[in-house]
Amino acid sequence: YNLKNEEVWESGTLTKISSATKIGKKNQFVKGKRKKNGFDIDGSKFSGFVAGNPATTSYFSPDFLKRKIWISTQDGDPLSVNATKIGPDMAKSVNGEIPATLWKISGGLDLDLLYAADGKWLGSRFYAGGSQAEFLLKKSVGNMHSLWKI
């Protein structure tokens, strides 16, 4: 699995996305840009218009949890999601566990997201091939969410 994704955000609004994904021998993509009342998508799974101010499946800001539509960075599919705060949890890292807040995402996407108190995305948990997968934080440099607040 290889995902290369570039997103441009301005004042909390997605203005552009370009992504290429390779899963084994299968190639997927998404390209899109902001239009007056929404976002225009050309993707391997979905091509069309999404009204409003969608988030993406890059998860870098907990502000995404307030949005009902997330554009898949893998194939452009607009996913209708619900976010529910579960509460305190621990995110795994190579240096041990890190205190986090756990959020359950359901609907068009089922996974758990973990955020630090300062809004930094620490990881996620999901099922793949019948087994639970979990991101292991290897190195934490910077905080994308802090850029969001500028």
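Draft legend 1. Quick peek at a nonpolar patch on the surface. A cluster of nonpolar side chains, Tyr-1, Leu-3 and Ile-23, forms an exposed patch at the surface whose accessible area comes to about 290 Å². Position of Ile-23 relative to the elements: it lies in strand S2 (residues 13-23).

Draft legend 2. Up close: the side chain of Ser-19. Mapped onto the fold, Ser-19 is located in strand S2. Residue Ser-19 is classed as buried on the basis of its relative accessible area of 4%. Reaching out from Ser-19, the side chain makes a polar contact with the backbone oxygen of Lys-4 at a distance of 3.3 Å. Of the polar contacts made by the side chain of Ser-19, one reaches the backbone oxygen of Thr-73; its length is 2.5 Å. Contacts of Ser-19, omitting those with residues within four sequence positions, involve Leu-3, Lys-4, Asn-5, Gln-28, Phe-29, Val-30 and Thr-73.

Draft legend 3. A look at the side chain of Asp-77. Structurally, the position occupied by Asp-77 is in the loop between strand S7 (69-71) and strand S8 (78-93). With residues up to four places along the chain from it excluded, the contact list for Asp-77 reads Lys-45, Phe-46, Trp-70, Ile-71 and Ser-72.

Draft legend 4. Structural detail: the pairing of strand S4 (residues 38-43). As defined by bridge partners, strand S3 (residues 26-35) adjoins S4 across six bridges and the pair is classed as antiparallel. Bridge pairing links Lys-31 to Asp-42 in S4. From the end of S3 to the start of S4, which pair antiparallel, there are two residues. Where S4 and strand S5 (residues 47-51) come together, five bridges link them in antiparallel fashion. Bridge assignment links Gly-38 to a residue of S5, and that residue is Ala-51.

Draft legend 5. Inspection of the nonpolar core at higher detail. With 22 residues, the main nonpolar core has Tyr-59, Leu-65, Trp-70, Ile-105, Leu-109 and Leu-113 as its most contacted residues. Elements with a minimum of two residues in this core: S2, S4, S7, S8, strand S9 (96-107) and strand S10 (111-115). Per element, the largest residue contribution to this core is three residues, and it comes from S10. Leu-65 has contacts with Trp-70, Ala-83, Trp-103, Ile-105, Leu-113 and Tyr-115, leaving out every residue within four places of it along the chain.

Draft legend 6. Main features of the pattern of salt bridges. Inspection of every chain in the model, using the stated rule, returns six salt bridges. Linking Lys-45 and Asp-77 is a salt bridge whose minimum nitrogen-to-oxygen distance equals 3.5 Å. Taken together, the positions of Lys-45 in the loop between S4 and S5 and Asp-77 in the loop between S7 and S8 put the pair 32 residues apart, joining distant regions of the chain. For Asp-112, the salt bridge goes to Lys-104, with nearest N and O atoms at 3.6 Å. Given the relative accessible area of 35%, Lys-104 is considered partly exposed.

Criteria and thresholds
Residues numbered from 1 in each chain as written. Predicted model: local features only at pLDDT ≥ 70, side-chain atom pairs only at ≥ 80, totals over all residues. Heavy atoms only, no water. Patch = residues over 30% accessible without salt bridge, like charges linked within 9 Å, V, L, I, M, F, W, Y side chains within 5 Å. Areas by Shrake-Rupley, 256 points an atom, 1.4 Å probe, with all protein chains shown as cover. Salt bridge = Lys/Arg side-chain N within 4 Å of Asp/Glu carboxyl O. Helix = DSSP H or I, 4+ residues; strand = E, 2+ residues; numbered from the N terminus. Buried < 20%, exposed > 50% of the residue type's maximum accessible area, 1.4 Å probe, protein only. Polar contact = N/O pair within 3.5 Å; in protein donor to acceptor, adjacent residues only side chain to side chain. Contact = heavy atoms within 4.5 Å. Pairing = 2+ DSSP bridges. Core = buried A, V, L, I, M, F, W, Y, C linked by side-chain atoms within 4.5 Å.

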